[in-house]
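# Notes for the structure review
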Amino acid sequence: MPQFIAAVDIGTSKVTCHIVDQNASIIGKSTIKIQIIHPNRGWMEMNPEVLWEQFKRCVKASIADAKITAENIAGIGISTQRNSITIWNKCTGKSLYNFITWQDTRVTNDVHSWNSSLRFKLARIGGKLGYFVTRHNFFKAASVITFSTQQVTMRLLWLLNNVAEARDLVRTGNLLYGCIETWLVWKMTGGKEHITDYSCASATGLFNPYMTGWSSFVSILTGIPLSIFPKVVDSSGILAVTDENIFGKAIPITAIIADQQASLFGNLCFNKGDMKCTLGTGTFLNINHGSKPYASLAGLYPLIGWKLKDQKIVYMVEGNASSTGSVVDWLCKFAKTDNPQELVDLASSVEDTNGICFVPAFNGLQAPYKDWKASPLLIGFGFETTEAHVARAVLESFAYRVRQIYETFLEESNVTINSIRLDGGVTSSPFVAQLISDVINQDLYHSKATNASIQGATYLTGLGVGIWKDLDELRNLNKSNTIRYLPNIDKYTKYDKSYTTWKKSVKRSLDWFD
């Protein structure tokens with residue numbers, strides 16, 4: 001019986017595949033850089049057909065690197081960036097437009113228009129009345145309902161209104177919509193399966209986490225037909241089977257999960273109150289919220305973490321800042337370096353920012369501001385300012401955004417936080433990890449795994465195919481895989497003062513773009 005699994009992570013910048021054995025050891029791997037297309041300012045796209053070819057090439061290269069064949073693969077699973085969407089013709093399988101990624105801001109004005117519209121104001125009033133009468137969290141969430149550029153709704157509406165064939169295909173029942181996981185499963189199964197999982201669906205803004213189904217309310221409100229949506233399935237189990245012509249063998253697809261949920265799972269945050277903080281392309285704080293969805297008034301998102309076979313749905317709460325690793329890439333261009341470590345070295349060469357504040361609002365500001373028109377801002381510099389001060393201000397801004405989101409959790413939620421796991425490419429620097437620990441004054445447990453999302457996909461894929469039988473077995477695989485960072489109280493006191501000043505600079509950045 002084959003005892004290896006293939007786990008694939010489709011991130012914002014690269015596709016990575018690991019071939020893993022029964023001990024969760026990586027025996028083969030491959031990484032391919034994703035090409036991002038920028039047709040206009042704020043537009044970020046990917047070619048669906050190119051991504052599919054890269055996905056196949058990455059999996060095959062990993063199998064070759066492991067010196068095995070597809071016959072040895074028991075199951076394949078994927079974790080993926082969320083909410084990057086496309087539409088395609090059901091009959092031909094041809095994509096009608098590029099993926100519009102989750103960082104794309106073309107619908108900013110549409111989002112603002114909808115959120116300030118009379119119908120939304122009435123919906124929020126209805127939510128307040130419903131919550132007053134029933135005290136149900138569904139109505140509490142409805143009382144602050146808004147669309148965002150990161151969610152799918154407005155970008156999908158843009159596709160339906162701007163792609164010539166879309167409306168005609170809707171009328172004939174031949175249009176399909178999907179995020180990356182849905183498109184890849186469709187391609188892997190030869191067009192037989194149009195599915196997503198609960199975690200990916202819950203992040204779209206089109207899914208009702210309280211009723212655990214696609215939202216008929218949003219469908220009626222926007223006119224987006226439910227007929228184009230994929231079927232929602234578990235996150236782990238025998239979910240589909242690949243066409244044998246794709247990899248040379250029909251391989252069970254045994255895991256589908258969104259990247260941040262995969263990271264939470266990969267960090268072994270299986271209990272209510274377990275939290276993880278990821279600093280990758282963006283910053284994401286997620287907390288396991290147990291078997292009930294959470295309703296927030298400050299812009300934290302009630303999402304589904306995962307759904308295992310024959311088990312209850314696990315919910316999570318999320319706060320995010322969309323620009324982190326992408327800001328490092330931007331700064332590297334200005335510093336004319338390909339090595340982010342040089343920025344860290346620069347930042348650590350000075351004791352403080354010398355009064356500079358940086359606001360990383362390249363894609364607006366999420367919780368607790370929910371301002372999609374906010375602008376990046378560098379303020380407080382003078383003739384004595386050096387590159388080192390700027391580099392440090394950028395890295396400190398990441399830690400301050402983490403603190404803002406963390407404090408929002410504490411203010412809004414009555415969940416006791418058990419521990420905080422840290423992961424993501426930006427935190428591979430001990431300087432950054434220690435900085436975050438000092439700024440929030442909390443112990444942090446940093447995963448030695450370079451990619452917690454693919455680790456989560458690995459665990460779910462193995463559970464789905466029966467290589468590992470339960471969560472306890474997964475815990476035993478990963479007992480000594482963390483580094484602990486302890487806060488320094490003197491540095492916390494220093495950063496606490498700087499944090500107050502930094503929050504003043506954030507106010508200057510708000511509502512900048514028309």
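Scroll up for the structure.
This report concerns the structure included in the present document. (Residues numbered from 1 in each chain as written. Predicted model: local features only at pLDDT ≥ 70, side-chain atom pairs only at ≥ 80, totals over all residues. Heavy atoms only, no water.)

## What about empty space enclosed by the protein?
Note the threshold: Of the two site types, the cavity is a set of points on a 1 Å grid over the protein atoms alone where a 1.4 Å probe fits but cannot get out, and the pocket is an open set with protein on both sides within 12 Å along at least five of seven lines, each lined by residues with an atom within 4 Å of a point. Grid points are joined across faces, edges and corners, and a volume is the space filled by probe spheres set on the points. Side-chain classes are defined by residue name, with Ala, Val, Leu, Ile, Met, Phe, Trp, Tyr, Cys and Pro counting as nonpolar, Asp, Glu, Lys and Arg as charged, and the others, Gly among them, as polar.
With the rule as written, the count across this model stands at two cavities of 30 Å³ or more. In this structure, the largest cavity encloses a volume near 40 Å³. Residue lining of the largest cavity: Ile-287, Phe-409, Leu-410, Ser-413, Val-415 and Ile-417, and that is the complete set. Looking at the lining of the largest cavity residue by residue, the classes come out as five nonpolar, one polar and no charged. Of the pockets and cavities examined, the second largest cavity occupies roughly 30 Å³. Looking at the second largest cavity, the residues that line it are Gly-266, Asn-267, Leu-268, Arg-421, Ser-447, Gln-455, Asn-478, Asn-481 and Thr-482. Looking at the lining of the second largest cavity residue by residue, the class counts come to one nonpolar, seven polar and one charged.

## Concerning the sheet that holds strand S1 (residues 4–10)
The line we're drawing: Pairing between strands is defined by DSSP: at least two bridges between them are needed. Numbering of helices and strands runs from the N terminus, with a helix taken as a DSSP run of H or I at least four residues long and a strand as a DSSP run of E at least two residues long. For helices, the fitted line uses only the C-alpha atoms of the stretch in contact; every axis is such a line through C-alpha atoms, and the angle between N-to-C directions lies from 0 to 180 degrees. Contacts were defined at the residue level, with two residues in contact if any of their heavy atoms lie within 4.5 Å.
Ordered in space as S3-S2-S1-S5-S14-S13, the six strands form an open sheet in which the pairing is mixed. Looking along the sheet, the strands with just one partner apiece sit at the ends: strand S3 (26–33) and strand S13 (236–241). On average, each strand axis in the sheet is tilted by 25° relative to the strand beside it, whichever way the strands run. Across seven bridges, strand S2 (residues 14–20) lies against S3 in antiparallel orientation. Counterpart to Val-15 in the pairing with S3 is Ile-32. The sheet contacts of helix H16 (residues 452–465) involve S1, S2, strand S5 (73–80), S13 and strand S14 (252–258), and relative to S1 the element is tilted by about 140°.

## Observations regarding a nonpolar patch on the surface
To be explicit about the condition: A patch consists of residues exposed above 30% relative accessible area that lack any salt bridge, with like charges linked at up to 9 Å and nonpolar side chains (Val, Leu, Ile, Met, Phe, Trp, Tyr) linked at up to 5 Å. Note on areas: Shrake-Rupley with a 1.4 Å probe; residue coverage comes only from the protein chains shown. The term salt bridge refers to a side-chain nitrogen of Lys or Arg lying within 4 Å of a carboxyl oxygen of Asp or Glu. When accessible area is computed with a 1.4 Å probe and restricted to protein chains, residues below 20% of their type maximum are described as buried, those above 50% as exposed, and intermediate ones as partly exposed.
Together, Leu-118, Leu-122, Ile-125 and Leu-129 line one region of the surface with nonpolar side chains, adding up to about 430 Å² of accessible area. Structurally, Leu-122 can be placed in helix H3 (residues 118–134). Classification of Leu-122 by relative accessible area gives exposed; the value is 52%.

## Regarding the sheet that holds strand S22 (residues 444–447)
Spatially, the seven strands line up as an open sheet ordered S17-S18-S16-S15-S21-S22-S23, and their pairing is mixed. Whereas interior strands pair on both sides, the edge strands pair on one side only; in this sheet they are strand S17 (301–307) and strand S23 (482–485). Averaged over all adjacent pairs, the angle separating strand axes in this sheet is 30°, with direction ignored. Sheet topology places strand S21 (residues 419–423) next to S22; two bridges connect them, and they run parallel. Bridge assignment links Leu-422 to a residue of S22, and that residue is His-446.

## Considering the pairing of strand S18 (residues 313–321)
Of all nine residues in S18, nine are buried, a share of seventy percent or more. Here S18 shows two buried faces, one formed by Ile-313, Tyr-315, Val-317, Gly-319 and Ala-321 and the other by Val-314, Met-316, Glu-318 and Asn-320. The sheet contact formed by strand S16 (residues 283–290) and S18 spans seven bridges and is antiparallel. Note on S18: the bridge partner recorded for Leu-285 is Gly-319. Alignment of S17 against S18, held across six bridges, turns out to be antiparallel. Paired with Pro-302 across the bridge in S18 is Val-317. Counting the residues that bridge the hairpin from S17 to S18 gives five residues, and of these Asp-310 lies at a positive phi of roughly 65°.

From the geometry alone we can't say anything about function, so treat these as descriptive.
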